[in-house]
Each structure stands twice: as C-alpha cells, then as structure tokens.
Amino acid sequence: MKIYNKSNFLLGLFFGLLGIAMLIVGIWQGFDIKGSIIMILCLFFGIGIIIRSLSADMSREDKINELDERNNLVKMKSRSMAFIWSEGICFICLVVCMVGHSVIGEILSVPMTIAFGIMLFAMMLLDLVITIYYNRKM
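Now for a quick tour of the structure.

Here is what the cut-offs are and how they apply
Residues numbered from 1 in each chain as written. Predicted model: local features only at pLDDT ≥ 70, side-chain atom pairs only at ≥ 80, totals over all residues. Heavy atoms only, no water. Helix = DSSP H or I, 4+ residues; strand = E, 2+ residues; numbered from the N terminus. Expected span 1.5 Å × (residues − 1). Buried < 20%, exposed > 50% of the residue type's maximum accessible area, 1.4 Å probe, protein only. Contact = heavy atoms within 4.5 Å. Core = buried A, V, L, I, M, F, W, Y, C linked by side-chain atoms within 4.5 Å. Salt bridge = Lys/Arg side-chain N within 4 Å of Asp/Glu carboxyl O. Phe/Tyr/Trp six-rings, centres within 6.5 Å; stacked < 30°, edge-to-face > 60°.

## Some thoughts on helix α5 (residues 109-137)
Step number 1: Between its first and last C-alpha atoms α5 spans 41 Å; for 29 residues at 1.5 Å apiece the expected length is 42 Å, and the two agree.
Step number 2: Along α5, the positions that sit buried rather than exposed are Ser109, Thr113, Phe116, Leu120 and Met123.
Step number 3: Buried residues in α5 make contact with α4 (69-104).

Right, here's the structure in full:
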C-alpha cells in the first residue's frame, strides 16, 4: 500500500486514534450519548480520510481541490471575515467588561477586561504587521 497524500493520512490517523482512545475511555468509564457520537464521528472521519489518502484517484482529486483558485479565494475571504468578526466581538466584550466594572463595580470583570484588552491588542498588532509585510512584498 502506498500513501499518496501524507498530510491527509496523518490527519486521518490522528482522528482514528482519537476515536479509538475515546472508545477505550468509554469502555473503561461508561458511555454517554455525546461522547459516543463524537467517538463515532472521529472513527468514521478518520477512516474515510485514511481511505482517501491511500487511493491514487481520490488523492489526486483532493490535491486538485486544494490548488483550485476559487477554493483558495473562498478560504481567504472567509478567514478574513472571521478575523474581522473576532476583532469586533473581542472589542464588544472589552467594552462590556469595562462598563461592568465601572457601573456595577464587579471585581471579576477587571481580569476579563485585561484579557480582552490583550487579545484585542494582539489581533490589531498582528493585522498591522501582516499588512506592512504584504505591502512591502508586493
């Protein structure tokens, strides 16, 4: 047997081993509905990816889909919008925590305000650095 797509094979192997580990834990401690559903999904997903990575035709189809320009554009736009939404939600949470501390006087909101502030600062700094990098590169 030849592995045609090694990254997908490793991903399938990871999910397969995760499903097997969840099966062992389920046998050891008992099964619950949520864990059983996740275990079955991990096993089926892992086995399916392993089968696709061992087939030459399916691996070629996967590689063509990875290199397709439209798929890359959709992925790039969706990640960009997810980042923009994450910044917005982080800013809203920061404002809510600041208002919670100043109006209500809740002491627990101070560490949350600091955490959201650090996250928002990191996202904005990352956005700035990446923008400068791509402006110089192009």
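## Focus on the side chain of aspartate 62
Step number 1: Structurally, aspartate 62 is set in helix α3 (residues 56-67).
Step number 2: We classify aspartate 62 as buried; its relative accessible area is 14%.
Step number 3: When near neighbours in sequence (up to four residues on either side) are disregarded, aspartate 62 contacts Asn5, Asn8 and Arg52.

## A closer look at the nonpolar core
Step number 1: Within the largest apolar cluster, 6 residues are counted, these being Cys90, Leu94, Cys97, Phe116, Leu120 and Met123.
Step number 2: Looking at this core, the elements with two or more residues in it are α4 and α5.
Step number 3: For phenylalanine 116, the contacting residues outside a window of four places in its chain are Cys90, Cys93, Leu94 and Cys97.

## Focus: the pattern of salt bridges
A side chain of one charge can pair with a side chain of the opposite charge if their charged atoms are brought near each other.
Step number 1: In the structure shown here, the tally under the stated rule is 3 salt bridges.
Step number 2: Salt-bridge contacts for arginine 52 lead to glutamate 61; the nearest nitrogen and oxygen are separated by 3.7 Å.
Step number 3: Since its relative accessible area comes to 28%, arginine 52 is described here as partly exposed.
Step number 4: Under the relative-accessibility criterion, glutamate 61 is labelled partly exposed at 44%.
Step number 5: Note that aspartate 57 is salt-bridged to arginine 60, the shortest N-O span being 3.2 Å. Remark: arginine 60 and aspartate 57 occur in helix α3; sequence separation between them is 3 residues, near one turn of the helix.
Step number 6: Residue classification places aspartate 57 among the exposed positions, given a relative accessible area of 54%.
Step number 7: Of the residues examined, arginine 60 reaches a relative accessible area of 48% and is grouped as partly exposed.
Step number 8: Connected through shared salt-bridge partners, Arg52, Glu61 and Asp62 make up one network.

## Quick notes on the side chain of threonine 113
Step number 1: Along the chain, the position of threonine 113 falls in helix α5.
Step number 2: The buried category is assigned to threonine 113, whose relative accessible area is 16%.

## So, the packing of aromatic side chains
Step number 1: This structure, assessed with the given rule, holds 3 aromatic pairs.
Step number 2: Between phenylalanine 15 and phenylalanine 45, the aromatic rings sit 4.9 Å apart at their centres with planes inclined by 85°, giving edge-to-face as the arrangement. Taken together, the residues span a long stretch of sequence, with phenylalanine 15 in helix α1 (residues 6-29) and phenylalanine 45 in helix α2 (residues 33-54) at a distance of 30 residues.
Step number 3: Among the residues examined, phenylalanine 45 registers a relative accessible area of 44% and is labelled partly exposed.
Step number 4: When the centroid spacing of 5.0 Å and the interplanar angle of 75° are considered together, the rings of tyrosine 133 and tyrosine 134 count as edge-to-face.
Step number 5: A relative accessible area of 40% places tyrosine 134 in the partly exposed class.
Step number 6: Here the aromatic residues Phe14, Phe15 and Phe45 are joined through ring pairs into a cluster of three or more.

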